[in-house]
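These are the residues of each chain, in order.
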Amino acid sequence: MSEQHPGTQPPSRHELRDISFRAVMAGGLAIGLAVGGLVVVADMLFPQKSLDRLLKPPFPVIAEPRLQSDPAADMAAFAAHERDVLNSSGWTDRDRDRGIGHIPIEQAMQDIAHEGIAGWPTGEGVSP
């Protein structure tokens, strides 16, 4: 056993060769062959060229779906229905616990203007 003096460190050592050049080249060649083989297999399974030869232009034009036969009339009927709901009274939900109804909007606006909304700040005492 060699004797060391306090405060000195042994000389540094390192590997002279981590991996051989031959192993790197063999790994690269194996990866290249695997990728090339997969490309060939994919080309055999999905032959795009033969599919392109089967489809000859001009391609057929497919009509767009007709979701509404008369959109303008449908919109007019929807607006009329909404207008009728706003200007009529009736039940929205007849559930016993909730019992939600609606009144004409003109009447609702007059009621709010006359009675106000509980907890809503008023404009009193505010100068312009």
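Rules and cut-offs
Just so you know, the residues in each chain are numbered from 1, in the order the chain's sequence is written. Thresholds applied to this predicted model are a pLDDT of at least 70 for local features of residues and 80 or more for the giving and counting of side-chain atom pairs; totals over whole chains, interfaces and linings are not thresholded and use all residues. As a rule here, side-chain values cover all heavy atoms of the structure and leave hydrogens and water aside. Only runs of H or I of at least four residues qualify as helices and only runs of E of at least two qualify as strands under DSSP, and these elements are numbered from the N terminus. Relative accessible area decides the class of each residue, using a 1.4 Å probe on protein chains only: under 20% of the type maximum gives buried, over 50% gives exposed, and in between gives partly exposed. Only heavy atoms enter the contact rule, under which two residues are in contact if any of them lie within 4.5 Å. Nonpolar side chains (Val, Leu, Ile, Met, Phe, Trp, Tyr) within 5 Å and like charges within 9 Å form the patches, drawn only from residues with over 30% relative accessible area and no salt bridge. Areas reported as accessible are Shrake-Rupley estimates using a 1.4 Å probe. Residue values count occlusion only from the protein chains shown. One side-chain nitrogen of Lys or Arg within 4 Å of one carboxyl oxygen of Asp or Glu is enough to make a salt bridge.

Undergrad: Residues and numbers for the overall build of the protein, please.
TA: In terms of helices and strands, the protein carries four helices and two strands. Going from N to C terminus, the protein has its helices and strands arranged as α-α-α-β-β-α. Counting all 128 residues of the protein, 0% fall into the buried class.

Undergrad: So what about the environment of P104? Which residues, and what values?
TA: Relative to the elements of secondary structure, P104 occurs in the loop between β2 (100-102) and α4 (105-115). For the pair P104 and S88, spaced 16 residues apart in sequence, the C-alpha to C-alpha distance is 4.8 Å. Once residues lying within four places of it in the same chain are set aside, the contact partners of P104 are L86, N87, S88 and S89.

Undergrad: Can you tell me about a nonpolar patch on the surface, naming the residues and giving the values?
TA: Residues V40, V41, M44, L45 and F46 make up a contiguous nonpolar surface patch of roughly 550 Å² in combined accessible area. With respect to the helices and strands, F46 occurs in the loop between α1 (21-45) and α2 (48-54).

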